[in-house]
Amino acid sequence: MTRPAARHETLYVRNHDACLRVRRIKPRQADRHAAPLVFLHEGLGCIELWRDFPERLCEAVGRVGVIYDRRGYGESSHLDGKWPPDYQETEAMVYLPEVLDHCGISSAVLIGHSDGGSIALIAGATLPGRISGIITEAAHIFIEEITLAGIREAVAAFRETDLPVKLARYHGDHTGAVFFRWADTWLDPAFRGWNIEHFLHGIVCPLLVIQGAEDEYATEAQVTGIASQVSGPVETFMVPGCRHIPHLQAREVVLNHMARFIAALPASPTGA
């Protein structure tokens, strides 16, 4: 596929307790009757860490796209302290709907990576009338030992390598807070019982579940757990030779799988 020629614009969504930075992607030829693609980033992510993947995908399928920095990330409002245990539920049921409302989106296709994938699953169950399709990459529905081991390795890398410098390009002076809020939440013994499987039966829209075959934070049990418990049509794709970031580590293969899945979705009315 060719490089994207999609245009984008930045806007800010003010809600009850935060200001969120949002990027709207406008491909050269967009079907304005099709549900936009809404990208939900990982636990250490932001708009820029998606690289050019959203633009390329939007251009490939001819749909408008929206990406935003969650509260506490990138250029959105700073957040003090730890995440509450239900932070993903709050994101799915409070902040995401506010972004959709502000952007005039009545129906969306969610594309979530890691934490963003888990948030997408919760949204699919709790906002069924507004979600016309979901793609998850490396989503978690429960915590595994490999998850905790991977996070401990990330903590060691943050303390011993130039990882803080790399992340500071995106999170600035809040980099330490962003990193340790993520790590400390997941490594907290009180968080060990975190589980969102009870949401899965409420997902009735089409779902594509993607995970790297060599993901350092999860086993295939996450994929089979999702696929076996949702109520709607589901496809799974374990990406060979890929770790935790399929859209970057196996970009062309993942882009083509996503584009094919999205092309098969019915067009949904939207105000975007």
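For clarity, every value in this text was computed on a predicted model and none was experimentally measured.

A. Representation of the environment of G116. Position of G116 relative to the elements: it lies in helix α3 (residues 115-126). By relative accessible area, which is 0% here, G116 ends up buried. Sequence separation between G116 and L40 is 76 residues; the distance between their C-alpha atoms is 4.5 Å. The residues touching G116, leaving out its near neighbours within four places in the chain, are L40, H41, E42 and R70.

B. Representation of the pattern of salt bridges. For the structure shown, the criterion picks out 18 salt bridges. Residue R23 pairs with E55 through a salt bridge whose shortest N-O separation is 3.7 Å. Taken together, the residues R23 in strand β2 (residues 19-26) and E55 in helix α1 (residues 53-61) connect sequence positions 32 residues apart. The two residues R23 and E55 agree in class, both being buried. Among the salt bridges present, the one from D188 reaches K82, with a minimum N-O distance of 2.9 Å.

C. Region of the structure containing unusual backbone geometry. For S114, which is not a glycine, the phi torsion comes out positive at approximately 55 degrees. Assessed through its relative accessible area of 10%, S114 is described here as buried. Phi at A138 takes a positive value of approximately 60 degrees, unusual for a residue other than glycine. Looking at the element boundaries, A138 is found in the loop between β6 (131-137) and α4 (145-160). Take A138: its relative accessible area is 1%, and that puts it in the buried class.

D. Molecular detail of the sheet that holds strand β3 (residues 37-40). Taken together, the eight strands give an open sheet; going across it, the order is β1-β2-β4-β3-β5-β6-β7-β8, and neighbouring strands pair in mixed fashion. Each of the sheet's edge strands pairs with one partner strand only, and the pair in question is β1 (7-14) and β8 (234-239). Averaged over neighbouring strand pairs, the angle between their axes works out to 20 degrees when direction is ignored. Inspection of the sheet shows β2 paired to strand β4 (residues 65-68) by four bridges, in the antiparallel sense. In the sheet register, R23 faces β4, and the bridge partner there is I67.

E. Focus on the pairing of β3. With burial as the criterion, each face of β3 is covered, one bearing L37 and F39 and the other bearing V38 and L40. In this structure, β3 lies alongside β4, joined through three bridges in parallel fashion. Each residue of the ladder has a partner; that of V38, found in β4, is V66. Handedness of the crossover joining β3 and β4 through α1 is recorded here as right-handed.

Thresholds applied
Residues numbered from 1 in each chain as written. Predicted model: local features only at pLDDT ≥ 70, side-chain atom pairs only at ≥ 80, totals over all residues. Heavy atoms only, no water. Helix = DSSP H or I, 4+ residues; strand = E, 2+ residues; numbered from the N terminus. Buried < 20%, exposed > 50% of the residue type's maximum accessible area, 1.4 Å probe, protein only. Contact = heavy atoms within 4.5 Å. Salt bridge = Lys/Arg side-chain N within 4 Å of Asp/Glu carboxyl O. Pairing = 2+ DSSP bridges. Axes fitted to C-alpha atoms, helices over the stretch in contact; angles between N-to-C directions. Right-handed = clockwise from strand over helix to strand, strands pointing away.

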